[in-house]
Amino acid sequence: AQSVAQPEDQVNVAEGNPLTVKCTYSVSGNPYLFWYVQYPNRGLQFLLKYITGDNLVKGSYGFEAEFNKSQTSFHLKKPSALVSDSALYFCAVRDRNRDDKIIFGKGTRLHILP
Amino acid sequence: GAGVSQSPRYKVAKRGQDVALRCDPISGHVSLFWYQQALGQGPEFLTYFQNEAQLDKSGLPSDRFFAERPEGSVSTLKIQRTQQEDSAVYLCASSLGLTDTQYFGPGTRLTVL
């Protein structure tokens, strides 16, 4: 069965510092991987996705994520955090060999401290 | 351009009432998905449509939940005889095709008293 783990409920980072939000996944086949961000009282906004090719994926707002097949990870990163990056971040996976359901992690709340 | 819209944004229902939640997908998007997001959790899949066809409803938690998309555009999620455990945010998403990026609406927050 597909699953996604976000081991940190909350991550605190000082403004200007690099940030990492962790994600590991489990699928039986090859994965499609996604990151979404959710601001208060708003729906999920797409940040980036990995389909195939380069393991480093660049997305919106300066975020990037690195697909690591051996570690089954897809950590979200940004070189320099902004206070406005404070939000709830969700990692998600779809098994490209199975069906079309996207499985989401529980989410990680990111606090950027001014 | 217009994104996915959902109405109402907030709904309070007494236990036992029926509710209907509406989703307007992005124009031209063939696929439409419904998710349930409980407090402090990630979205959980409920069902999806390809045009007007409901291809998977395995995530619907009980037969009190029913979804339709009769003309392949607007979709309605109906919950009959609501229970307190139905309280959640219901998210709708649409995509061009089945495996394309899904774009989400703002959600409907349902509170069952």
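See the structure shown above.
Residues numbered from 1 in each chain as written. Chains lettered and ligands numbered in written order. Predicted model: local features only at pLDDT ≥ 70, side-chain atom pairs only at ≥ 80, totals over all residues. Heavy atoms only, no water.

Student: Before we move on, could you go through the interface of chain B and chain A and cite the residues and values that matter?
Tutor: Across the boundary between the two partners, chain B contributes 23 residues, which contact 16 residues of chain A. For the chain B and chain A pair, buried surface summed over both sides reaches about 1,600 Å², with 51% attributable to carbon and sulfur atoms. It is B:Thr99, B:Thr101 and B:Phe104 that lose the most area in chain B upon contact with chain A, and together they represent 28% of the buried surface on that side. Connecting chain B to chain A are 0 salt bridges. Here chain B is connected to chain A by 3 residue pairs in polar contact (both at pLDDT 80 or more). Elements supplying a minimum of two residues to the side of chain B that touches chain A: β4 (31–37), β5 (44–50) and β10 (103–104) of chain B. Grouping the constituent residues of the side of chain B that touches chain A by class yields 11 nonpolar, 9 polar and 3 charged. (Contact = heavy atoms within 4.5 Å. Buried area = accessible area lost by both parts, 1.4 Å probe. Salt bridge = Lys/Arg side-chain N within 4 Å of Asp/Glu carboxyl O. Polar contact = N/O pair within 3.5 Å; in protein donor to acceptor, adjacent residues only side chain to side chain. Helix = DSSP H or I, 4+ residues; strand = E, 2+ residues; numbered from the N terminus. Nonpolar A, V, L, I, M, F, W, Y, C, P; charged D, E, K, R; others polar.)

Student: If you had to explain the sheet that holds strand β3 (residues 19–24) of chain B to someone new, which residues and values would you point to?
Tutor: Residues and elements named next belong to chain B. Strand order across the open sheet formed by 4 strands is β1-β3-β8-β7, with antiparallel pairing between neighbours. Edge positions in the sheet fall to β1 (5–7) and β7 (65–68), since each has one partner strand and no second. Within the sheet, the average angular offset between the axes of one strand and its neighbour, ignoring direction, is 15°. Pairing analysis gives 3 bridges linking β1 to β3, with the strands arranged antiparallel. The partner of Ser-7 across the bridge, within β3, is Arg-22. (Pairing = 2+ DSSP bridges. Axes fitted to C-alpha atoms, helices over the stretch in contact; angles between N-to-C directions.)

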